Amino acid sequence: MAPSTLVAASGSLGALAAMPWKNGGGATRELHVEPPGADYADFVWRASVADVVQDGAFSSFEGIDRTIVLLGGAGFVMHAEGQPSHDLRTPFAPHRFTGEARVSVVLDGTPCQDFNLMVRRDQAQAELQVLRQQDARLLPPDTVLLYVAQGQAQLSDAGRQLPLGSGEFVRLHQGQAMPALHCAADAVVLAVRVQRR
């Protein structure tokens, strides 16, 4: 999918190369990192899709707030020291936790895929919203990324349209008027909003 005047950049999950997790325990595909080219030590925010294929520990990220969403597969149970376990087996239900937490996961039998949002808390705050058909709307001005987790959607602005399918994502222009998002009946779109401190 080529970039459009509606968006700053666009792409498809299937076209992204997999890279190892920080701790080497899995693989991830980076949708966007801010600033562009930043590594694990100096990003302000980062969005990615990870493949979880075995039980094990998540990477540790000091000073980072994280949000995770199950995209596909049976999911897993998250265990963190001193905290109740969290059941991440319901698709498209965001769960927030701190990057410092020592988290390990136990798969519910099969590999799965999840969406990850990470933000450096002393520089920005972020929110991950799950949008469906009833949420067709003009996007808020701090929306920075959209990922189509399921179905079909469309961005529109001043007579221009940009169709989006499952696994496609767009990085939105900041400081400009936002387009409207229209979701098909079965669509699920993850919208990342970021506000710099």
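Shown above is the structure to which this text applies.
Remember, predicted model here, so these are calculated numbers, not experimental data.

Participant: Account for the pairing of strand β7 (residues 76-80), with residues named and values stated.
Facilitator: With respect to burial, β7 is a largely interior element, four of its five residues being buried. Examined bridge by bridge, β7 and strand β8 (residues 86-88) share three bridges and lie antiparallel to one another. Residue pairing across strands places Met-78 opposite His-86, the latter belonging to β8. Between the antiparallel neighbours β7 and β8 lie five residues, among them Gly-82 with a positive phi of about 75 degrees. Pairing of β7 with strand β10 (residues 103-107), which is carried by five bridges, proceeds in the antiparallel orientation. Pairing of His-79 across the sheet is with Ser-104, part of β10.

Participant: Describe the nonpolar core, and please don't skip the residues or the numbers.
Facilitator: Generally speaking, soluble globular proteins have nonpolar side chains that are buried together. Core analysis: the biggest nonpolar cluster contains 24 residues, and Leu-31, Trp-45, Phe-115, Leu-145, Tyr-147 and Leu-190 have the highest contact counts within it. Of all the secondary structure elements, the ones that give two or more residues to this core are β4 (45-52), β6 (64-72), β11 (112-120), β12 (124-131), β14 (143-150) and β19 (188-196). Setting aside anything within four residues of it in sequence, one finds Leu-190 in contact with Val-69, Leu-71, Phe-115, Leu-128, Gln-129, Val-130, Leu-145, Leu-146, Tyr-147 and Ala-149. In this structure, Leu-6, Val-7, Leu-164 and Met-178 belong to the second largest nonpolar core, which totals 18 residues.

Participant: Can you break down the pattern of salt bridges residue by residue, with the values?
Facilitator: Across all of its chains, the model carries 11 salt bridges by this definition. A salt bridge links Glu-81 to Arg-102; the shortest N-O distance between them is 3.8 Å. Remark: Arg-102 occurs in the loop between β9 (95-98) and β10 and Glu-81 occurs in the loop between β7 and β8; sequence separation between them is 21 residues. Across this residue pair, the class does not change: Glu-81 and Arg-102 are exposed. Of the charged contacts, one joins Glu-127 and Arg-193 as a salt bridge, the two residues approaching to 3.7 Å between their closest N and O atoms. Here the residue Glu-127 occupies a position in strand β12, and Arg-193 occupies one in strand β19, the gap between them amounting to 66 residues. Connected through shared salt-bridge partners, Asp-65, Glu-100 and Arg-121 make up one network.

Participant: I'd like a rundown of the packing of aromatic side chains, residues and numbers included.
Facilitator: Between two aromatic rings, the relevant description is the distance of the centres plus the angle of the planes. The full count for this structure, using the stated rule, is six aromatic pairs. Between Trp-21 and Phe-58, the aromatic rings sit 5.8 Å apart at their centres with planes inclined by 90 degrees, giving edge-to-face as the arrangement. In this pair, Trp-21 is assigned in the loop between β2 (19-20) and β3 (27-34) and Phe-58 in the loop between β5 (56-57) and β6, connecting sequence segments 37 residues apart. Like Phe-58, Trp-21 is buried. Ring geometry for Phe-115 versus Tyr-147: centroids 5.7 Å apart, planes at 40 degrees, classification tilted. Of this pair, Phe-115 sits in strand β11 while Tyr-147 sits in strand β14, and the two are 32 residues apart along the sequence. Each member of the pair, Phe-115 together with Tyr-147, is buried.

Participant: Requested: an account of the side chain of Arg-46, with residues and values cited.
Facilitator: By the secondary structure assignment, Arg-46 is in strand β4. Of note is the side chain of Arg-46, whose polar atom sits 3.2 Å from the side chain of Ser-48. What Arg-46 contacts, discounting residues up to four positions off in sequence, is Met-19, Thr-28, Glu-30, His-32, Val-33, Tyr-40, Asn-116, Leu-117 and Met-118.

Participant: Give a detailed account of the environment of Val-33, specifying residues and quantitative values.
Facilitator: Here Val-33 is to be found in strand β3. Judged by its relative accessible area of 6%, Val-33 falls in the buried class. Sequence separation between Val-33 and Ala-80 is 47 residues; the distance between their C-alpha atoms is 26 Å. Contacts of Val-33, omitting those with residues within four sequence positions, involve Ala-38, Phe-43, Trp-45 and Arg-46.

The rules behind each value
- Residues numbered from 1 in each chain as written.
- Predicted model: local features only at pLDDT ≥ 70, side-chain atom pairs only at ≥ 80, totals over all residues.
- Heavy atoms only, no water.
- Buried < 20%, exposed > 50% of the residue type's maximum accessible area, 1.4 Å probe, protein only.
- Helix = DSSP H or I, 4+ residues; strand = E, 2+ residues; numbered from the N terminus.
- Pairing = 2+ DSSP bridges.
- Core = buried A, V, L, I, M, F, W, Y, C linked by side-chain atoms within 4.5 Å.
- Contact = heavy atoms within 4.5 Å.
- Salt bridge = Lys/Arg side-chain N within 4 Å of Asp/Glu carboxyl O.
- Phe/Tyr/Trp six-rings, centres within 6.5 Å; stacked < 30°, edge-to-face > 60°.
- Polar contact = N/O pair within 3.5 Å; in protein donor to acceptor, adjacent residues only side chain to side chain.

These figures capture arrangement, not role.
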